[in-house]
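# Per-entry structural report
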Amino acid sequence: MMAALVAFLVAGCGPNRAGESDAQLGLNAEQSVGRAVFNERCASCHYPYSSSSLHGPGLDKLYRKKYLPSGLPANDRFVTQTILSGRGMMPAEGATLSDEQLRELIAYLHTL
Ligand code: HEC
């Protein structure tokens, strides 16, 4: 309850998408699995539905913006590279993600 309230306040006004179910978000099966991967592997450092920083930048509308927070183009090549190799203070996650999980995760990130 408290966490949901904090997430809502952090997200500012507008719908609190973080609290919505996969169905409410309109996620398909692949994107839903990707959301679970995100919650397990990325959510400790990134808000998916806010541009506020946690340990890393908020990833709201990641692919709908022209540039990633670093200034690199927002496309699969650079997002995948960040996930596989890490960037700055972000640890590389590649060695512990299967190709399938990576694909599902990217599919979910496209829905943000
Ligand atoms: C331990 C914390 C941590 C975890 C876990 C983490 N990140 Fe990050 N992430 C960061 C930090 C810090 C940055 C900023 C790096 C920089 O530019 O110096 C970052 C940056 C990014 C960026 C922006 C890259 C750019 O070019 O601006 C993306 C996209 C990203 N992370 C996605 C993810 C995804 C997807 C996961 C889960 C697989 C994840 N991160 C897990 C801390 C983390």
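Here the residue numbering is sequential within each chain, running from 1 through the sequence in written order. Totals for whole chains, interfaces and linings use all residues, but because this is a predicted model, local features are given only for residues with pLDDT of at least 70 and pairs of side-chain atoms are given and counted only at 80 or more. The basis for every side-chain value is the complete set of heavy atoms in the structure, and neither hydrogens nor water enter the calculation.

It is worth spelling out the overall build of the protein chain at this point. Strands are runs of DSSP state E lasting at least two residues, helices are runs of H or I lasting at least four, and both sets are numbered from the N terminus onward. Scanning the protein chain from terminus to terminus reveals five helices and zero strands. Listed by position from the N terminus, the elements making up the protein chain come as α-α-α-α-α. Remark: exposure states derive from per-residue accessible area (1.4 Å probe, protein chains only) relative to the maximum for the residue type, with buried under 20%, exposed over 50%, and partly exposed in between. Considering the protein chain as a whole, with its 112 residues, one finds that 33% of them fall into the buried category. Contact criterion: two residues are considered in contact whenever any of their non-hydrogen atoms come within 4.5 Å of each other. In the protein chain, once contacts between residues fewer than 6 apart in sequence are set aside, the share between residues at least 24 apart is 42%. In the form shown here, the protein chain has an accessible surface area of approximately 6,700 Å², with 58% of it arising from carbon and sulfur atoms. Residue exposure ignores everything except the shown protein chains as possible cover, and the areas themselves are Shrake-Rupley values with a 1.4 Å probe.

Listed donors are limited to N, O and S atoms within 2.8 Å of the metal, widened to 3.2 Å for Na, K and Ca; water is not among them, so incomplete-looking sites are possible. Taken together, H46 (NE2) and M90 (SD) make up the full set of protein donors to the iron atom of the ligand, lying 1.9 to 2.2 Å away. The geometry test gives tetrahedral to four donors whose angles all lie between 85 and 135 degrees, gives square planar to four donors and octahedral to six donors whose opposite members are over 155 degrees apart with all other angles between 65 and 115, and gives irregular to the rest. Here the iron atom of the ligand binds six donor atoms, and the angle range of 86 to 178° at the metal identifies the geometry as octahedral. Residue H46 is found in the loop between α3 (29-41) and α4 (76-85), and its partner M90 is found in the loop between α4 and α5 (99-109); the two are separated by 44 residues along the sequence. For M90, a relative accessible area of 25% gives the class partly exposed.

Take the pattern of salt bridges next. We count a salt bridge whenever a side-chain nitrogen from Lys or Arg sits within 4 Å of a carboxyl oxygen from Asp or Glu. Within the structure shown, the criterion is met by four salt bridges. Its salt-bridge partner being D60, residue R17 comes within 2.7 Å of it at the nearest N-O pair. Remark: D60 occurs in the loop between α3 and α4 and R17 occurs in the loop between α1 (2-11) and α2 (22-25); sequence separation between them is 43 residues. Between D22 and R35 there is a salt bridge, with its nearest N and O atoms 2.6 Å apart. One end of the pair, D22, is in helix α2; the other, R35, is in helix α3, with 13 residues separating them in the sequence.

Its place among the elements puts G88 in the loop between α4 and α5. The exposure class of G88 is exposed, given its relative accessible area of 80%. Considering only alpha carbons, one finds G88 and S70, 18 residues apart in sequence, at a separation of 9.9 Å.

Within the structure, the ligand sits among 21 residues, and C42, C45, H46, S70 and M90 are positioned closest to it. P69 is positioned with one of its backbone polar atoms (N or O) 3.4 Å from an oxygen atom of the ligand. N or O atoms within 3.5 Å of each other form a polar contact, as long as, within protein, one can give a hydrogen and the other can take it, and as long as residues adjacent in sequence are counted only when both atoms are side-chain atoms. In the model, an oxygen atom of the ligand is placed 2.5 Å from a nitrogen or oxygen of the S70 side chain. Here a cavity denotes a set of grid points, spaced 1 Å apart and computed over the protein atoms alone, in which a 1.4 Å probe fits but from which it cannot get out, and a pocket denotes an open set meeting protein on both sides within 12 Å along at least five of seven lines; residues with an atom within 4 Å of a point are reported as lining. Assignment of a molecule to a cavity or pocket requires that more than half of its atoms lie within 2 Å of the corresponding grid points. Cavity membership is defined here by more than half of the atoms lying within 2 Å of grid points; on that basis the ligand lies in the largest pocket. Mapped onto the shell around the ligand, the elements with two or more residues apiece are α4 and α5. Nonpolar residues are Ala, Val, Leu, Ile, Met, Phe, Trp, Tyr, Cys and Pro. Charged residues are Asp, Glu, Lys and Arg, and all others, Gly as well, are polar. Of the residues that constitute the shell around the ligand, the class distribution is twelve nonpolar, six polar and three charged. We call a residue near a given molecule or strand whenever any one of its heavy atoms falls within 4 Å of it.

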